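Reading the structure
Each chain is listed here by its residues.
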Amino acid sequence: MKLFSVFFFLCFNVLFSQNIRVTYDYKFKIDSLNTENIDSEIMILDIFKNQSIFISQTKYVHDSLASERYDNQRINNSIPFDMDKSKVKEYITKDYLSHQNLLHTQIGSQSYIIPEKNLLKWKILKDIKTIKGINVQKASTNFLGRNWIAWFSNEYTVQDGPYKFNGLPGLILELYDDSFSHHFTMLGILKYKDKNYHYKSQVIKELEITSQDFTKLWHDFLKNPSKNYVSQTSNSNIGMTITFDGKSYSESEILREIEKREKEKYKKINNFLDLELYQ
């Protein structure tokens, strides 16, 4: 047993002499009433010695480039603006030493950070298969209001995976719920020697709240998703009129139309990965 422990320790340190980037294809059905509509996003899991970050590749690239441009141009009072085109805005950071996850998310224009300690109870099954030539084993759990199947590899001993998932005796290479509403599939694993943590968020200030408080704020937001926009417009004291097809629309009519469209939009965003957070 002692020899095995020493061998495991050496393998673990060899593994983390390099950082690892795992790339996943994430397919999701955000509208439970229209399951034929499947969105997708490339996600990355960057694994370091004591921490990891799980984030949209598009968001990672956008924020990193925007931060670099900001640093280069702020001395000239010229602040660049570039739209974030990622479909998945929230991201997760995990601290391996404290076993704490931090969910970085937002409601409207306000950003939040939600600290959590997720202790998953896994059932490891006997089923095995290969994913891109890597041997994996099947496991199941109930988490975030869903039943999940994970395929993990003992060849990568880090106990991490997509989103908040962790705690298996190996890296999760595939993960999906029993309705296949959310499905992560590993595309590739890259090892690199650079030990620096590169990601720089564009968020200026995040409010730290509990998951329970976030859920309450989310339901309040759904009652009037255009509230912030209406408030900003009302405080501007600028009368606004738009003419379309020969008819003029007042500011109040425009705001009512915006509110109507926002409510319709969020009715179709109902099949979240984390059902418990948005319940």
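Each remark here, short or long, concerns the structure printed above.
Report on the accompanying structure. Everything numeric in this text was worked out from a predicted model, so none of it was measured. (Residues numbered from 1 in each chain as written. Predicted model: local features only at pLDDT ≥ 70, side-chain atom pairs only at ≥ 80, totals over all residues. Heavy atoms only, no water.)

**Brief notes about the overall build of the protein chain**
Helices and strands together make up the secondary structure of the protein chain, namely five helices and 14 strands. When burial is assessed residue by residue, the protein chain has 40% of its 279 residues classed as buried. For the protein chain, the proportion of contacts with a sequence separation of at least 24, taken over those separated by at least 6, is 57%. (Helix = DSSP H or I, 4+ residues; strand = E, 2+ residues; numbered from the N terminus. Buried < 20%, exposed > 50% of the residue type's maximum accessible area, 1.4 Å probe, protein only. Contact = heavy atoms within 4.5 Å.)

**Thoughts on unusual backbone geometry**
Positive phi is not limited to glycine here, since Lys132 has a value of about 50°. Within the element layout of this structure, Lys132 appears in the loop between strand E7 (123–131) and strand E8 (134–143). Notably, Leu144 is not glycine yet its phi reads approximately 60°, a positive angle. You can see Leu144 is positioned in the loop between E8 and strand E9 (146–153). Since its relative accessible area comes to 2%, Leu144 is described here as buried.

**Side note on the nonpolar core**
If you look at the biggest cluster of nonpolar residues, it comprises 49 residues, and the most contacted ones within it are Tyr24, Phe165, Leu171 and Phe214. Contact partners of Phe214, with chain neighbours within four places excluded, come to Thr105, Gln106, Ile107, Tyr112, Ile114, Ile209, Leu277 and Tyr278. (Core = buried A, V, L, I, M, F, W, Y, C linked by side-chain atoms within 4.5 Å.)

**Overview of the environment of Gln106**
Along the chain, the position of Gln106 falls in strand E5 (residues 100–107). Exposure remark for Gln106: the relative accessible area of 37% places this residue in the partly exposed category. On a C-alpha basis, the gap between Gln106 and Lys89 in space is 8.0 Å, while along the polypeptide they are 17 residues apart. Once residues within four sequence positions are removed from consideration, Gln106 is found in contact with Lys89, Ser111, Tyr112 and Phe214. Separated by 3.3 Å, the side chain of Gln106 and the backbone oxygen of Gly108 make a polar contact. (Polar contact = N/O pair within 3.5 Å; in protein donor to acceptor, adjacent residues only side chain to side chain.)

**Concerning the side chain of Glu90**
Relative to the helices and strands, Glu90 resides in the loop between helix H2 (57–73) and strand E4 (91–95). One buried charged side chain, Glu90, makes no salt bridge at all; its nearest oppositely charged neighbour is Lys164, positioned 7.3 Å away. For Glu90, the side chain forms a polar contact with the side chain of Thr105, separated by 3.3 Å. Setting aside chain neighbours within four positions, we find Glu90 in contact with Leu103, His104, Thr105, Tyr163 and Tyr278. (Lys, Arg positive; Asp, Glu negative; His and termini not counted. Salt bridge = Lys/Arg side-chain N within 4 Å of Asp/Glu carboxyl O.)

**What about the sheet that holds strand E11 (residues 182–192)?**
Strand order in the open sheet formed by 12 strands is E7-E8-E9-E10-E11-E1-E2-E3-E4-E5-E6-E12, with mixed pairing between adjacent strands. Pairing within the sheet leaves two strands with one partner each, and these edge strands are E7 and strand E12 (207–208). As paired elements, strand E1 (residues 19–28) and E11 share 10 bridges and run antiparallel to each other. The partner of Ile20 across the bridge, within E11, is Lys191. (Pairing = 2+ DSSP bridges.)

**Notes on the packing of aromatic side chains**
For the structure shown, the criterion picks out 16 aromatic pairs. Here the aromatic rings of Phe143 and Phe165 are separated by 5.2 Å at their centres, their planes lie at 85°, and the arrangement is edge-to-face. Here Phe165 lies in the loop between E9 and strand E10 (171–177) and Phe143 lies in strand E8, a separation of 22 residues in the sequence. Each member of the pair, Phe143 together with Phe165, is buried. Relative to Tyr266, the ring of Trp218 has its centre 5.9 Å away and its plane inclined at 75°; by these criteria the two rings are edge-to-face. Remark: Tyr266 occurs in helix H5 (residues 251–267) and Trp218 occurs in helix H3 (residues 211–223); sequence separation between them is 48 residues. (Phe/Tyr/Trp six-rings, centres within 6.5 Å; stacked < 30°, edge-to-face > 60°.)

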